[in-house]
Amino acid sequence: PPAVAEATRASLRIAASEEWRRERLQGLITRYRHGVQKIGLELMDSATPIQPILLGSSERANRWSEALQREGILVGAIRPPTVPEGSARLRITLSSAHTAAQLEALLTVLAEIAAEEPA
């Protein structure tokens, strides 16, 4: 449809002319990965805006997703059959629209959840 074609053209113009968006996103990804590693969570290998945290069980992934949602942070739990049994995860998706404050809030809540988990 013409509207979709024009929206695609506009997004390509933005992507080509606003390099700062890619730089900002890459900076957020780097800060996020450093922060999550510091918390001691198991990051999956990804250089993309999709940054999965491996949690193992579906129950654990659901608990974490619900705890984040209670704090106003929407993060989906990805569970079998979408992923293999024992590899449930949180699907964190970053964008250039996220602020440093939002990233810090996410990391703070992740650290709090991790601290509450039994060893």
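None of the values given here were measured: they were computed from a predicted structure.

Caption draft 1: Summary view of the nonpolar core. Within the largest apolar cluster, 26 residues are counted, with the highest numbers of intra-cluster contacts made by Tyr32, Val36, Ile53, Leu68, Leu90, Leu106 and Leu110. Broken down by secondary-structure element, the contributors of at least two residues to this core are α2 (19–39), β2 (50–56), α3 (58–70), β4 (88–93) and α4 (100–116). When residues in this core are grouped by element, the largest group, six residues, is from α4. The residues touching Leu90, leaving out its near neighbours within four places in the chain, are Gln51, Pro52, Ile53, Leu55, Ala61, Trp64, Ser65, Leu68, Val75, Gly76, Ala77 and Leu110.

Caption draft 2: Region of interest: the sheet that holds β4. In space, the four strands of this open sheet follow the order β1-β2-β4-β3, with antiparallel pairing throughout. Taken across any chain shown, the strands that pair with only one partner, and hence form the sheet edges, are β1 (42–43) and β3 (76–78). In terms of strand pairing, β3 meets β4 through three bridges, oriented antiparallel. When the bridges of β4 are listed, Gly76 appears paired with Arg91.

Caption draft 3: Spotlight on the packing of α3 against α4. The interhelical angle for the contact between α3 and α4, taken along N-to-C directions, is 130 degrees, at an axis separation of 10 Å. In terms of axis orientation, α3 runs oblique to α4. For the crossing formed where α3 meets α4, the hand is right-handed. The segment α3 lies against α4, with Trp64, Ala67 and Leu68 engaging Leu106, Val109, Leu110, Ile113 and Ala114. Broken down by class, the residue content of the contact of α3 with α4 amounts to eight nonpolar, no polar and no charged.

Reading the values: the criteria
Residues numbered from 1 in each chain as written. Predicted model: local features only at pLDDT ≥ 70, side-chain atom pairs only at ≥ 80, totals over all residues. Heavy atoms only, no water. Core = buried A, V, L, I, M, F, W, Y, C linked by side-chain atoms within 4.5 Å. Buried < 20%, exposed > 50% of the residue type's maximum accessible area, 1.4 Å probe, protein only. Helix = DSSP H or I, 4+ residues; strand = E, 2+ residues; numbered from the N terminus. Contact = heavy atoms within 4.5 Å. Pairing = 2+ DSSP bridges. Axes fitted to C-alpha atoms, helices over the stretch in contact; angles between N-to-C directions. Parallel < 35°, antiparallel > 145°, perpendicular 65-115°, else oblique. Left-handed = near helix turned anticlockwise from the far one by under 90°. Nonpolar A, V, L, I, M, F, W, Y, C, P; charged D, E, K, R; others polar.

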